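Summary of structural features
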Amino acid sequence: MKTLLVLFCVLSFSVLQAQPGGGGGRPGGGPPGSSGMGDGERPEMVEFNAAKVAGIFNYDDDDAIKKLKIKKNEAELRLTVRKAIENYNKKVNDIALLNKDNFDTLNVYVNAKMKAMQASRRESGFRMESGERFTDSQDPDRALIQSKIDPAKTEVKAAEAKLNKDLEAVLSEKQYAKWMKYQAFIKEEQNPQPKSNRNGNSGMSRGGRQGGPPGGGMR
């Protein structure tokens, strides 16, 4: 029973962090035994990645400058923006390095538990839905996982706040609005989608791309 509670809380935590927006409903609104997909087709489990949960990723400075439409003759502005992004990338990479052992341990533990739970549920004939959530907010293991990730997440948010402040100081109002839109788009791309998910545009991201690195594709 204790093992089941651990599995439930672990799966809940990873899915809550990986799901974009707040969409946790079952595709097609089907009952617990049906995923709304063809027979024998199951949504692939979203792999838990502690670094992604903490919000660690890099921006492509060349792509950002292109999206902000900073002209080639604005050499000083291009250099300032590039430097701000490079400083941010270095900071979050340092955070990732400092937390590597901790993140690696969490990844092994959480993914092993999720796979074990998925196998157990498959054997019992109960299909795991894409986006299905199990909640047990009082379970101490969930709090333990969050406590190991939250310090890194806090540091990442502080680095992001500094980056935004630095860019706001040098960009025009229109350019800064483009930056915030671009930032939101890149963050959304960090949220993995199950490969079997046929909701929406056949698993395509809102930017019209399926998967890929965080450096491109914003409309």
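Quick summary incoming for the structure in this document. These numbers were taken from a predicted model, which means no experiment stands behind them. Note on numbering: residues in each chain are counted from 1, in written sequence order. For a predicted model such as this one, the threshold for reporting local features is a pLDDT of at least 70, and the threshold for listing and counting side-chain atom pairs is 80 or more; totals across whole chains, interfaces and linings nevertheless cover every residue. Values reported for side chains reflect all heavy atoms of the structure, with hydrogen atoms and water molecules removed beforehand.

**Regarding the packing of aromatic side chains**
Only Phe, Tyr and Trp rings take part, Trp by its six-membered ring, and two of them pair if their centres are within 6.5 Å. Stacked means planes under 30 degrees apart, edge-to-face means over 60, and tilted covers everything else. Following the criterion strictly, the structure yields five aromatic pairs and no others. With centroids separated by 5.4 Å and ring planes inclined at 50 degrees, the aromatic side chains of Tyr59 and Tyr88 adopt a geometry described as tilted. With Tyr59 in the loop between α2 (50-53) and α3 (61-67) and Tyr88 in helix α4 (residues 75-98), this pair connects stretches of sequence that are 29 residues apart. Grouping residues by exposure puts Tyr59 and Tyr88 together as buried. Residues Trp179 and Tyr182 carry aromatic rings whose centres are separated by 5.8 Å and whose planes lie at 45 degrees to one another, so their mutual orientation is tilted. Placement of both Trp179 and Tyr182 in helix α7 (residues 173-189) is noted, with a separation of three residues, approximately one turn of the helix. Secondary structure elements follow DSSP: runs of H or I of four or more residues count as helices, runs of E of two or more count as strands, with numbering from the N terminus. Buried means the residue's accessible area, taken with a 1.4 Å probe over protein chains only, is under 20% of the maximum for its type, while exposed means over 50%, and partly exposed covers the values in between.

**Thoughts on the environment of Lys67**
Mapped onto the elements, Lys67 comes out in helix α3. Residue classification places Lys67 among the buried positions, given a relative accessible area of 17%. Along the primary structure Lys67 and Tyr182 are separated by 115 residues, whereas in three dimensions their C-alpha atoms are 7.4 Å apart.

**Details of unusual backbone geometry**
One non-glycine residue with positive phi stands out, namely Lys69, at about 60 degrees. By the element assignment, Lys69 lies in the loop between α3 and α4. On the accessibility criterion, Lys69 (58% relative accessible area) is exposed.

**Here's the deal with the side chain of Gln175**
With respect to the secondary-structure elements, Gln175 resides in helix α7. A relative accessible area of 12% means that Gln175 is categorised as buried. Whether two residues touch is decided by their heavy atoms; if any such pair falls within 4.5 Å, the residues are in contact. The residues touching Gln175, leaving out its near neighbours within four places in the chain, are Leu68, Lys69, Ile70, Glu74 and Leu77.

Distances and angles like these do not, on their own, reveal function.
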